[in-house]
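Structural description and commentary
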Amino acid sequence: MPMNAEAGAAPDGAAADTSLAGFARIVDRVLEALCVGLMLAAVAVACLQVVLRYGFNSGLPWPEEFATWVFAWAVFLGMAVATGRDAHIAIDVVTRALPARPRELLLVFNRAVMAAASIMLVMHGWDYVSRAIAASPALQWPMKYFFLAVPVGGALNLFFLFWPRPGRSLLQGAAVIAGGLALYLAIRFGASSVYGESGSAIVLVLVGIVSIVIGVPVAFALSFGAFAAFAAFNPILLVTIAQNMGAALNSFTLLAIPFFILAAAVMNAGGITPRLVDLAMQLVGHLRGGLGQANVITNTMLAGISGSSTADASTIAKLMVPEMARRGYGRPFSAALTAASATLANLIPPSLGLIIYAALASVSVGALFVATIVPGLMVAASLMLVVYGLSRLRGYGGDIPKASLRQRMTSLGLAIPALILPVIIVGGVRFGMFTATEAGAIAFLYALLCGALLYRKLTPSNLLAAIRESVFDTVVIVVIIAAAAPFAWVLAFEQVPQKIAQQLSGLVSTPVLLMLAINLFLLIVGLFMEMIASLVILVPILVPLVIAAGVDPIHFGIVIVMNLVIGALTPPLGVLVFTTARVGGANQTETFKAIVPFILALVGVLLLITYVPGFTLLPVRWLGP
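Residues numbered from 1 in each chain as written. Predicted model: local features only at pLDDT ≥ 70, side-chain atom pairs only at ≥ 80, totals over all residues. Heavy atoms only, no water.

A word on helix α10 (residues 239-248)
Two residues of an α-helix separated by three or four positions point the same way, owing to the 3.6 residues in each turn. Along α10, eight of the 10 residues are buried, which leaves the element largely enclosed by surrounding structure. Buried within α10 are the following residues: Val239, Thr240, Ile241, Ala242, Asn244, Met245, Gly246 and Ala248. Elements in contact with the buried residues of α10: α2 (63-84), α4 (100-131), α5 (143-147), α6 (149-162), α9 (218-230) and α21 (460-493). (Buried < 20%, exposed > 50% of the residue type's maximum accessible area, 1.4 Å probe, protein only. Helix = DSSP H or I, 4+ residues; strand = E, 2+ residues; numbered from the N terminus. Contact = heavy atoms within 4.5 Å.)

The structure is reproduced here in structure tokens:
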């Protein structure tokens, strides 16, 4: 009798879980719709500002502020959606290597870490909200409502970690939340007696890296590492984690990332990006490794449109990796090449990294844009050489006939509307017509008009699908940037970068050794820190050093940005590799192995640029402002 009762109970429990999972799906759809609406609102007000400023000579004071508010809320609401879909960027090397039972236990533990990090965001995020008294300058909205996005996002994370879904019961969700609460309490009240304040920097790095290695999503690993580091200090410092995560998104410049990702998605759906791919194929498709060569050429052309390496990586991976796989190229090779080529977006204007560096170092954006043209083309050429060599060894390509002059001219004519966009973006930024972020909004609007009216490939259905996908891609990437902020803040609090810079200051009298040491230091920094966070921390420290050594700050801007974009290809962060592997359906571990030859090529170009300043400075003297 008990066996029958148990047998009957299981289906009832499963039916209940299925019913509850349906409610989770409704919440998921509502939150996704909110994220899309908020991101489109940010685009709309950015475009409105440009139109009013130059169409009616009457700019408004509030659009930038409003855009950052809706952007922050979109990211933290979207963070919860990604949690519900198990879509956060994570390294799965260890989990895939384990047998089934240990793998399941590790996955439960990883979700418990996510729950602990989410509890931390709720507890200390709400603590900060209750303390916030400032108001936003233009809108005069209380800033506590801006930072409220952090605990709300954390609470929604906990909802999706707890609520049942197919393959995961309510009991499993309860176990994850209980485990997360136990982890939070153990660290919160045990840190001071176990490792104390003196060990915070070591704990930060160890907890962050170990969590990433065992498969905890990168954003949660970074925020959990910052929590573990600060738990030994006065409890008031814990509010700085949520504060820094929110403040990291209170940046109009950062909005360039979602705007350009949206623009790239609409280009793809509207038939613009495929025209660039077709032109690249007609130009170099017949060469050995032709699709790989076309991949590099496409990224080079698209770099002048997006300004965002992540946007380019996502867009080209969708188009090129499946096609390369169908023609016999290894999928990890294709994803790795796409990631390496996507670095060109920060080495060919407009570049988000260079714009941020210009603001921090007080140098000319126009001069940086001119200075980076030759290094960008050098990187493209080096990647094409690697593709050619590897393709000969592995027998890739060589099966596409050479295009005729007429075919090439036809492809060029069809691609001209897409090629005009870089001129609009660079010219608009260079001559002060709009900011880099507004350029992203203009790029989105231009892509929308071209796709709908010129190429006529854009329909309401594929436009909506492109926007939904691009917003989701933005969220899982930008939430890492938000989580990197408290991680970097702890490093700065412990004066780790300052101590390293102090050690480097002894090399000021020998610029060759100083630049070599800085390159090594920056490559190591790129392993653990996101580019924007690294620039914010390191530029004020390193620029005075290199100026004292006689190094031109324009030249150094290209060096530091190139170092940090190489870091986007290396584990444990490796955002570009994660992006292309995820979008292109490649194994992450194999993609990291396949990226090695491309990284070596990039490092070779980096050394040439570092020690031959003429590559950057001569064009500035000839063409610069």
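Considerations on the packing of helix α25 (residues 553-567) against helix α28 (residues 596-611)
Look at α25 against α28: their axes get within 10 Å of each other, and the N-to-C directions meet at 165°. It follows that α25 is roughly antiparallel to α28 by the angle criterion. Taken as a pair, α25 and α28 cross one another with a handedness that is left-handed. In contact with His555, Ile558, Val559, Met562, Asn563 and Ile566 of α25, α28 contributes Ile599, Leu602, Val603, Val605, Leu606, Ile609 and Thr610. A per-class count over the contact of α25 with α28 returns 10 nonpolar, three polar and no charged. (Axes fitted to C-alpha atoms, helices over the stretch in contact; angles between N-to-C directions. Parallel < 35°, antiparallel > 145°, perpendicular 65-115°, else oblique. Left-handed = near helix turned anticlockwise from the far one by under 90°. Nonpolar A, V, L, I, M, F, W, Y, C, P; charged D, E, K, R; others polar.)

Considerations on a nonpolar patch on the surface
Side chains of Val512, Leu513, Leu516, Leu520, Leu607, Leu608, Tyr611 and Val612 sit close together on the surface and give an oily, nonpolar patch of about 660 Å² of accessible area. Sorting the residues of the nonpolar patch by element identifies α23 (511-528) and α28 as the ones contributing at least two each. Take the nonpolar patch: its biggest share by element is four residues, from α23. Looking at where Leu513 falls in the secondary structure, it is placed in helix α23. (Patch = residues over 30% accessible without salt bridge, like charges linked within 9 Å, V, L, I, M, F, W, Y side chains within 5 Å. Areas by Shrake-Rupley, 256 points an atom, 1.4 Å probe, with all protein chains shown as cover. Salt bridge = Lys/Arg side-chain N within 4 Å of Asp/Glu carboxyl O.)

Points about the packing of α9 against α21
Close contact between α9 and α21 brings their axes to 8 Å; oriented N to C, the two are set at 25°. Comparing the axis directions of α9 and α21 gives the class roughly parallel. The handedness of the crossing between α9 and α21 comes out as left-handed. Judged by residue contacts, Val218, Ala219, Leu222, Ser223, Ala226, Ala229 and Phe230 of α9 engage Val479, Ile480, Ala483, Ala484, Pro486, Phe487, Trp489, Val490 and Phe493 from α21.

Thoughts on the environment of Leu419
Structurally, Leu419 is set in helix α19 (residues 405-430). On the basis of relative accessibility, which here comes to 27%, the residue Leu419 falls in the partly exposed class. Expressed as a C-alpha distance, the spacing of Leu419 and Gly304, which sit 115 residues apart in the sequence, is 8.4 Å. Sequence-distant contacts of Leu419, that is, excluding residues within four places in its chain, are made with Leu276, Leu279, Met301 and Leu412.

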